[in-house]
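Per-entry structural report
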Amino acid sequence: SLVGWFFILMSIWLILSAYIEHCKPLTALLYVVLTNLGGAIPSAPASVGVYEYLAVVALSGVTPSQSFALGVAVSTHGLVVLVTAVLGSIIAALEGVSLFGAMRESQKVE
């Protein structure tokens, strides 16, 4: 939904603002668009590599170097994966779903 994308954009903008002085929301928008379009490209699990490359491309005009942009990309990607895993685990626990239970249910369907 639009509200969800707004919160994604604002969270990325806040993270980028911690690394990049005077980071504009448009930079965060370009970052979000490029890294999400990268999800359509076949890659390793969690889009490792593709995400970082596209993030460096998005930040190429606003960071002092490519290595700095890569550091921002790696830390941002790690934070996004960590938050998703933690929130997913909490919601699964609240719903009474376990990893092994979900695996058993998926095997029943096959």
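As shown above, the structure is provided for reference.
Here's a quick rundown of the structure. Everything numeric here is computed off the predicted structure, so don't read it as measured data.

Comments concerning the packing of helix α2 (residues 25–37) against helix α3 (residues 50–59)
- Here α2 crosses α3 at 150 degrees, and the two axes come no closer than 9 Å. Comparing the axis directions of α2 and α3 gives the class roughly antiparallel. The two elements α2 and α3 meet at a crossing, and its hand is right-handed. In this structure, α2 contributes Thr27, Leu30, Tyr31, Leu34 and Thr35 to the contact, and α3 contributes Tyr51, Leu54, Ala55, Val57, Ala58 and Leu59.
- Per-class residue counts for the contact of α2 with α3 are 9 nonpolar, 2 polar and no charged.

Side note on unusual backbone geometry
- At His22, a position not held by glycine, the phi torsion is positive, near 60 degrees.
- Inspection of the secondary structure puts His22 in the loop between α1 (2–19) and α2.

Quick word on the packing of aromatic side chains
- Enumeration over the complete set of coordinates arrives at 2 aromatic pairs.
- With centroids separated by 5.8 Å and ring planes inclined at 70 degrees, the aromatic side chains of Phe6 and Phe7 adopt a geometry described as edge-to-face.
- In this structure Phe7 comes out as exposed when scored by relative accessible area, which is 54%.
- Residues Tyr31 and Tyr51 carry aromatic rings whose centres are separated by 6.1 Å and whose planes lie at 80 degrees to one another, so their mutual orientation is edge-to-face.

Thresholds, definitions, all that
- Residues numbered from 1 in each chain as written.
- Predicted model: local features only at pLDDT ≥ 70, side-chain atom pairs only at ≥ 80, totals over all residues.
- Heavy atoms only, no water.
- Axes fitted to C-alpha atoms, helices over the stretch in contact; angles between N-to-C directions.
- Helix = DSSP H or I, 4+ residues; strand = E, 2+ residues; numbered from the N terminus.
- Parallel < 35°, antiparallel > 145°, perpendicular 65-115°, else oblique.
- Left-handed = near helix turned anticlockwise from the far one by under 90°.
- Contact = heavy atoms within 4.5 Å.
- Nonpolar A, V, L, I, M, F, W, Y, C, P; charged D, E, K, R; others polar.
- Phe/Tyr/Trp six-rings, centres within 6.5 Å; stacked < 30°, edge-to-face > 60°.
- Buried < 20%, exposed > 50% of the residue type's maximum accessible area, 1.4 Å probe, protein only.

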